[in-house]
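Report on the structure
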Amino acid sequence: MTGAALSPAGQAQRAAIQQSGWGQPFRFFQPHNLAFWVYVLGVGGGALSMVRYFGSGAGLYRPALAGGVLLFGIYLVPWLLLLRSQNRYTKQPAGLLATGFFWGGIAATFWIALPANTALLEIWTKVGGTSFAANWGAGLTAPINEEWGKALGLVLLIGLAPRLVRSAYDGFIIGAFIGLGFEVFEDVLYVFNGAVQSFGVDEAGTSLQLFLVRGASGIVSHALFSAIFCAGLMWILGRVPGERNVLRGVLTMLLAMVFHFTWDDVTGLGAGSVLVIVLPFVLAPIELAALFYVLRHAARQERVWTRELLEPEVETGAIDPALLDAVSGLRRDRKRYRKQLHSRRRSRHLIEAASDLAHEIAVADGAETRRVAHARAELTRLREAA
Amino acid sequence: MTDARDSPPAWVPVEHRWFGLDRRTFRPALIVLVISLLLVYGWQAVDAAIPWHNEIKAGDVLDLGGGATAVPPVGWQLESGTLVGATPAESPTSLDVLLASGGATIELRGAAFNGTAAAFLDQAERADGDDDRPAVDGSRGTVTTEAGLVGVAQSSTSPGGDRLDAAFKTATGTSQAVAAAPALLVRVRTAPGQFEQHSDEVSALLRSITPEVDQ
């Protein structure tokens, strides 16, 4: 097939497939790729450090460690379901997201953050004294070491899957998974530390208490910071023609670091007053609003690709313009489509089937295959089953 | 002619090969490697280059949380913990104070513990159970502070160094009040044979510990 034989819509579809990398498989094992070996070094180093850390008190603190793994393992499930629902448009393969998750959980936490935070916290104590470090040390340490440590996972994934990691939205989704990995592994670390701090007294009670505190504060935590930070990094890298915006990227990354600072230094910001309790409730809505603002801007390119991928299907009649708007649109577009159909279930099925068709077209590189024909037939069946 | 998209997945064009690796993958990998090493070892190098200058001065008093205090030895470096009057105020159940001087350290740790000081010392020793180096333990003794707190102390010596652990409940009064009060563990570690050199300072610190103030 040549470009000259394609209609303008077909050419746009072809360009969207090329640019987005959608449909490309993700292979983790790439011995010819230096990024693979650096990943192995980071996760291997992190795993060794983790075993040493937990192994030192594995006997006495086993109940706390087991409780932490169990509680935060359960905590992970709704998070994965939430992030899965956000992995829309040109969806990232599960293997790539899992690779990011384990970088965040093992390499960023135990290989980078653990030694780097210890050293930098001590530097702040030496420079400003123990009181200064207690008030501000965590907030001046974690946003630097942890945000960069996590974002390095995104850079490695660009090296491992350069065609798959292209847009700011890719950075947003991958960043969220890296951040989630960091968050859950760090939470287990905190449960362990809590048991050590209390000399192994009432480990179950300490674990549950830490689970409730960290679980609640985790709603606006590492997953959110990393999603914003990594979207900003992708705007700076500009891996899609026309998407580079260095100023926006830098400001977005700084925003994530400021959010991380306020999360860590509530005690210092609240100056021991009632603000310590009030501030998290004031900051959470601001951080969530910023998250959705970044998400909306980051999704712009992905929405264009999805539209270009499916536009030729409007001509064939497989998709109507309203469904195209919904599948390539924002939440409000999907809501409008749902109202138009008067059925939440039907609109969800049609949007998912249209998304399946887009995926099959991309996997087939725009060619007509049996799976593309089947995805189209499924869409037709659902539309006719009114 | 085929483009890169059509080439087999692991195929590396000959001009990009270097000892079995694809040179095109070097840039992101090396960026990550360099930044990671800077974060891990760079901060440690900076930390090692900066000396401590957080010396305890005459008149300084340590905040042990809940109104409890102790007088630290003058000239030691305060590496962790808060002095009375500084913020944030310490919590008696998550206290972690570290003083250091010439290879010797004094650590004061607080925890919630329902029971006697002796039972708390047993629990703390169980938590230290991984240290199975041969050591000669002294007998347990009673330590009484000037404010009337009664604690239990245990010393030991080994080729790894000399150690003293002293446990207190930070309250005086009825046995129920003492049992419910937070526990305090004072850990002293020195190089082998060096404890005697610091024993006066350690004794003065132990005697200076005051109980919590009823809020």
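Rules used throughout
Residues numbered from 1 in each chain as written. Chains lettered and ligands numbered in written order. Predicted model: local features only at pLDDT ≥ 70, side-chain atom pairs only at ≥ 80, totals over all residues. Helix = DSSP H or I, 4+ residues; strand = E, 2+ residues; numbered from the N terminus. Rg over C-alpha atoms; globule rule 2.2 N^0.38 Å. Buried ≥ 20, exposed ≤ 12 C-beta atoms within 10 Å, placed from the backbone. Contact = placed C-beta atoms within 7 Å. Domains from an automatic or database assignment. Nonpolar A, V, L, I, M, F, W, Y, C, P; charged D, E, K, R; others polar. Bend = angle between axes of the 7 residues up to and from the residue. Axes fitted to C-alpha atoms, helices over the stretch in contact; angles between N-to-C directions. Parallel < 35°, antiparallel > 145°, perpendicular 65-115°, else oblique. Left-handed = near helix turned anticlockwise from the far one by under 90°. Pairing = 2+ DSSP bridges. Expected span 1.5 Å × (residues − 1). Core = buried A, V, L, I, M, F, W, Y, C linked by C-beta atoms within 7 Å.

Focus on the overall build of chain B
When you go through chain B residue by residue, the secondary structure sums to four helices and 12 strands. In terms of overall dimensions, chain B is more spread out than a globule: its C-alpha atoms have a radius of gyration of 26 Å, far above the 17 Å expected for 215 residues. With the C-alpha coordinates aligned to their principal axes, the bounding extent of chain B is approximately 90 × 40 × 35 Å. Scored against the burial criterion, the 215 residues of chain B give a buried share of 32%. Long-range pairs, those at least 24 residues apart, make up 53% of the contacts in chain B with a sequence separation of at least 6.

Some words on the overall build of chain A
Within chain A one finds 16 helices and zero strands. By the compact-globule yardstick of 21 Å for 386 residues, chain A fits well, its C-alpha radius of gyration being 23 Å. With the C-alpha coordinates aligned to their principal axes, the bounding extent of chain A is approximately 70 × 50 × 40 Å. Expressed as a percentage of its 386 residues, the buried residues of chain A come to 49%. In chain A, of all internal contacts separated by at least 6 residues, the share reaching a separation of at least 24 is 77%.

So, the environment of A:Ala113
Residue and element names in this part refer to chain A. Within the fold, Ala113 resides in helix H4 (residues 94-128). A residue is classified by how many C-beta atoms lie within 10 Å of it, and Ala113, with 27 of them, is buried. Remark: the alpha-carbon pair of Ala113 and Asn145, spanning 32 residues in sequence, is separated by 5.8 Å. Setting aside anything within four residues of it in sequence, one finds Ala113 in contact with Ala108, Asn145, Glu146 and Gly149.

With respect to the domain arrangement of chain A
Residue and element names in this part refer to chain A. Here chain A is described as being made up of domain 1 (27-298) and domain 2 (302-384). On a C-alpha basis, the centroid separation for the pair domain 1 and domain 2 is 34 Å. Contacts between the two partners involve six residues from domain 1 and, on the opposite side, six residues from domain 2. Its residues assigned to classes, the side of domain 1 that touches domain 2 shows two nonpolar, two polar and two charged.

As for H4(A)
Since the α-helix turns once every 3.6 residues, residues separated by three or four places project in the same direction. Residue and element names in this part refer to chain A. Its maximal kink placed at Ala108, H4 deviates by approximately 45°. Among the 35 residues of H4, 26 are classified as buried, and the element is accordingly described as predominantly covered. Once H4 finishes, Gly129 follows within two positions and takes phi at roughly 95°, a positive value.

Points about the packing of helix H5 (residues 130-160) of chain A against helix H9 (residues 246-264) of chain A
Residue and element names in this part refer to chain A. Axis separation between H5 and H9 bottoms out at 8 Å; the angle between their running directions is 135°. When the axes of H5 and H9 are compared, the pair comes out oblique. For the crossing formed where H5 meets H9, the hand is right-handed. Along its contact with H5, which presents Ala138, Gly139, Ala142, Pro143 and Glu147, the element H9 presents Ala256, Met257, His260, Phe261 and Asp264.

Describing the pairing of strand E3 (residues 62-65) of chain B
Examined bridge by bridge, E3(B) and strand E4 (residues 68-70) of chain B share three bridges and lie antiparallel to one another. Counterpart to B:Leu62 in the pairing with E4(B) is B:Ala70.

Considering the interface of chain A and chain B
Facing the 41 residues of chain A at the interface are 43 residues of chain B. Only helix H2 (34-55), H4 and H5 of chain A provide two or more residues apiece to the side of chain A that touches chain B. A total of 12 residues in the side of chain A that touches chain B trace back to one element, the largest contributor, which is H5(A).

Thoughts on the packing of helix H3 (residues 62-86) of chain A against helix H7 (residues 203-217) of chain A
Residue and element names in this part refer to chain A. Where H3 contacts H7, the axes come no closer than 9 Å and their chain directions differ by 30°. Regarding the angle of H3 to H7, the classification is roughly parallel. Our pair here, H3 against H7, has a crossing hand that is right-handed. Across the interface between the two elements, Pro63, Ala64, Gly67, Gly68, Leu71, Phe72 and Tyr75 from H3 touch Glu203, Ala204, Thr206, Ser207, Phe211 and Gly215 from H7. Of the residues in the contact of H3 with H7, the class split is seven nonpolar, five polar and one charged.

Focus: helix H4 (residues 195-207) of chain B
All names here are of chain B. Over its 13 residues, H4 extends 17 Å from the first C-alpha to the last, a length consistent with the 18 Å expected when each residue adds 1.5 Å. Taken as a whole, H4 carries its principal kink of about 30° at Glu201. Along H4, the residues classified as buried are His198, Leu205 and Leu206. Against E4, strand E7 (104-111), strand E9 (141-144), strand E11 (161-169) and strand E12 (183-190) lie the buried residues of H4.

Topic: unusual backbone geometry
All names here are of chain A. The backbone of Phe199 shows a phi angle near 55°, a positive value even though the residue is not glycine. Counting through the fold element by element, Phe199 comes out in the loop between helix H6 (168-197) and H7. On the neighbour-count criterion, Phe199 (23 C-beta atoms within 10 Å) is buried.

Some points on the nonpolar core
Soluble, globular proteins show a tendency: their nonpolar side chains are buried together. One finds A:Leu156, A:Phe172, A:Cys230, A:Ala231 and A:Ala354 to be the most contacted residues of the largest nonpolar core, which totals 114 residues. The element that contributes the greatest number of residues to this core is H4(A), accounting for 18 residues. Sequence-distant contacts of A:Leu156, that is, excluding residues within four places in its chain, are made with A:Ala35, A:Val38, A:Tyr39, A:Trp103, B:Pro28 and B:Val32. If you look at the next biggest cluster of nonpolar residues, it comprises 35 residues, including B:Leu164, B:Ala166, B:Phe168 and B:Val188.

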